[in-house]
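Listed below, chain by chain, are the residues.
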Amino acid sequence: MDAVERSGETKYECLLFDMDDTLYPLSSGLNLACRKNIEEFMLHKLHIEESEVPRMNLKLYREHGTTMAGLKALGYEFDNDEFHAYAHGRLPYETLKPDPVLRNLLLSMLQRKIIFTNGDKAHVAQVLSRLGLEDCFEGIICFETLNPALEPVMDPLDGDSVPAEGDTEVDGQADSNAVSSKMRILCKPSVEAIEAAIKIADVDPSKTIFFDDSARNIASGKAAGLHTVIVGSSVLVPGADHALRSIHNIREALPEIWEDQEGEQLEQVIQSTAVEAVVLA
C-alpha cells in the first residue's frame, strides 16, 4: 500500500470491519442459511440427535462464540475445512449484489482497512467478490489467521495433554480407552481473539475503529481498547461509541474519519490489493 502523508496527529489510523451482517444486511438470508447448514452438519456428519440439534446449536453459539468452537470444545472430531465447506460452501451467495455506494465510501477512507471475521478465508473471498469490495481492504483476519494450527489443550481435570485432532479415532469410531480431543478455537467474542487481531494487524487500539453487528463482540472490542461501532442498529449497546442502522451511514455518523484527510486528493486512495494474497498471519 502506498503511504499517504498526513500533517499533524491523526485521530484514526485503522478501521477493523466485521463482514457478515455488517458489510451486507441481515436480510440477505445468508445468516439463516448458514445456521441451517450447520444444523444439517451436526445431524448428518456428527449424528447428533435431531431433536437436540437446534437447541444445542444455539447454546454452543452463545457459550463459545461459534457453534464450531463449541463442538470442538465438547470433543467432537471433524475436519475444519469440511465443516466450513458444509456451512459456507452451500450458501446462496447469489443474493449478494455489488455495492458501489459502500465501495466508494471505503475507497474514500485513507486509513488502513482490515476485515476481522470468524469466517474462513474462502467465505471471505466469496462475499467480498460478490459485493465488489475485494480490493477495498489491506487484508483479512479470519479463522485461519487466528487458528493456524490447532494445538492440543490441557485437560483441567487431570492436567494431561489432550491428544491432537484425530488421535482418538479408530476406523471412524472413538477409542473408549482414549481421551476425546478438546480443541480450543480462538474466535470473537473473546477478548483474547480481539487482542490477537490487534497484535496481528499491528495497530494502536486507541486509534482504531471496530465495526461489528454483534453486541457481545462490541463489548469485547471496547474491553480491548478499541473505538466501537454497532452496525445494524440505531440504538447503542453496552460498549458501543456509535450506532449505525446501515454501514452506508458511516459518513453521516462518523465524519471524523474524513477530517484527517481534508485537502487530500482521493487519487491517493490505497492501491488495489487482491484479498486472496493478503490473509494476515
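The protein chain appears in an unreviewed UniProt entry as Suppressor of disruption of TFIIS isoform X3 from Rhodamnia argentea.

### Overview of the environment of Ala215
As for its position among the elements, Ala215 is in helix α9 (residues 215-223). For Ala215 and Leu236, which are 21 residues apart along the polypeptide, the C-alpha to C-alpha distance reads 9.1 Å. In contact with Ala215, other than residues within four places in its own chain, are Ile230, Val237 and Pro238.

### Brief notes about helix α3 (residues 67-74)
Counting buried positions along α3 yields 6 of 8 residues, so the element is predominantly enclosed. On its buried face, α3 is in contact with α1 (30-44), α2 (53-64), α4 (80-88) and α7 (143-146).

### A closer look at the pattern of salt bridges
For the coordinates displayed, the defined rule picks out 11 salt bridges. Here Lys188 and Asp18 are joined by a salt bridge, their closest N and O atoms 2.9 Å apart. Taken together, the residues Lys188 in the loop between β5 (173-174) and α8 (191-201) and Asp18 in the loop between β1 (14-17) and α1 connect sequence positions 170 residues apart. Accessibility assignment for this pair places Lys188 and Asp18 in one class, buried. Measuring nitrogen to oxygen at the nearest pair gives 3.9 Å for the salt bridge that ties Glu82 to Lys45. Taken as a pair, Glu82 in helix α4 and Lys45 in the loop between α1 and α2 lie far apart in primary sequence, 37 residues in all.

### Some thoughts on the packing of aromatic side chains
Between two aromatic rings, the relevant description is the distance of the centres plus the angle of the planes. Taken as a whole and assessed by the stated rule, the structure comprises 7 aromatic pairs. Summarising the aromatic geometry, the rings of Phe17 and Phe137 are spaced 5.8 Å apart at their centres and angled 75° between planes, so their arrangement reads as edge-to-face. Residue Phe17 is found in strand β1, and its partner Phe137 is found in the loop between α6 (121-131) and β3 (139-141); the two are separated by 120 residues along the sequence. We classify Phe17 as buried; its relative accessible area is 0%. Considering the side-chain rings of Phe17 and Phe211, the 4.6 Å spacing of their centres and the 5° angle between planes classify their relative orientation as stacked. Placement of the pair is Phe17 in strand β1 and Phe211 in strand β6 (residues 208-212), with a sequence separation of 194 residues. A network of ring pairs unites the aromatic residues Phe41, Phe78, Phe83 and Tyr86 as a single cluster. The ring centre of Tyr86 lies 4.1 Å from the NZ or CZ of Arg90, which sits over that ring.

### Quick look at α1
Helix length check: α1, at 15 residues, gives a terminal C-alpha distance of 21 Å against a target of 21 Å (1.5 Å per residue), a fit within 8%. Considered for burial, the residues of α1 that qualify are Leu30, Ala33, Cys34, Asn37, Ile38, Phe41 and Met42. In this structure, the buried residues of α1 make contact with α2, α3 and α4.

### Some remarks on the nonpolar core
Grouped together as the largest cluster of nonpolar side chains are 54 residues, with contacts concentrated most on Phe17, Leu23, Phe211, Ile250 and Ile257. Looking at this core element by element, the count peaks at 6 residues for α1. Contacts of Phe17, omitting those with residues within four sequence positions, involve Leu23, Leu106, Met109, Lys113, Ile114, Ile115, Phe116, Phe137, Phe211, Ile247 and Ile250. Counting 19 residues, the second-largest nonpolar core is a separate cluster that includes Ile141, Ile194, Phe210 and Leu226.

### As for the pairing of strand β2 (residues 112-116)
Across the 5 residues that make up β2, a large majority, 4, are buried. Across 3 bridges, the pairing between β2 and β3 is parallel. Paired with Ile115 across the two strands is Ile140, which belongs to β3. Handedness of the β2-α6-β3 crossover: right-handed.

Definitions and limits used
- Every chain is numbered independently, its residues counted from 1 as its sequence is written.
- Given that the model is predicted, a residue must reach a pLDDT of at least 70 before its local features are reported, and side-chain atom pairs must reach 80 or more before they are shown or counted; all residues, however, enter totals for whole chains, interfaces and linings.
- Note that the side-chain values use all heavy atoms of the structure and ignore hydrogens as well as water.
- Every helix listed is a DSSP run of H or I at least four residues long, and every strand listed is a run of E at least two residues long, numbered separately from the N terminus.
- Whether two residues touch is decided by their heavy atoms; if any such pair falls within 4.5 Å, the residues are in contact.
- Only protein chains enter the accessibility calculation, which uses a 1.4 Å probe. A residue is then buried if its area is under 20% of the maximum for its type, exposed if over 50%, and partly exposed in between.
- Salt bridges, as used here, are contacts in which a Lys or Arg side-chain nitrogen is within 4 Å of a carboxyl oxygen on Asp or Glu.
- The pairing test for Phe, Tyr and Trp rings, Trp by its six-membered ring, is centres within 6.5 Å, and the orientation test on the planes gives stacked under 30 degrees, edge-to-face over 60, and tilted for anything in between.
- Placement of a charge over a ring requires the Lys NZ or Arg CZ to be within 6 Å of the ring centre, with the centre-to-atom vector within 35 degrees of the ring normal.
- Multiply 1.5 Å by the residue count of a helix minus one, and that product is the helix's expected span.
- To form a nonpolar core, buried Ala, Val, Leu, Ile, Met, Phe, Trp, Tyr and Cys residues must be joined to one another through side-chain atoms within 4.5 Å.
- Between any two strands, pairing holds if DSSP finds at least two bridges.
- The crossover handedness rule: strands pointing away from the viewer, path from first strand over the helix to second strand clockwise, crossover right-handed.

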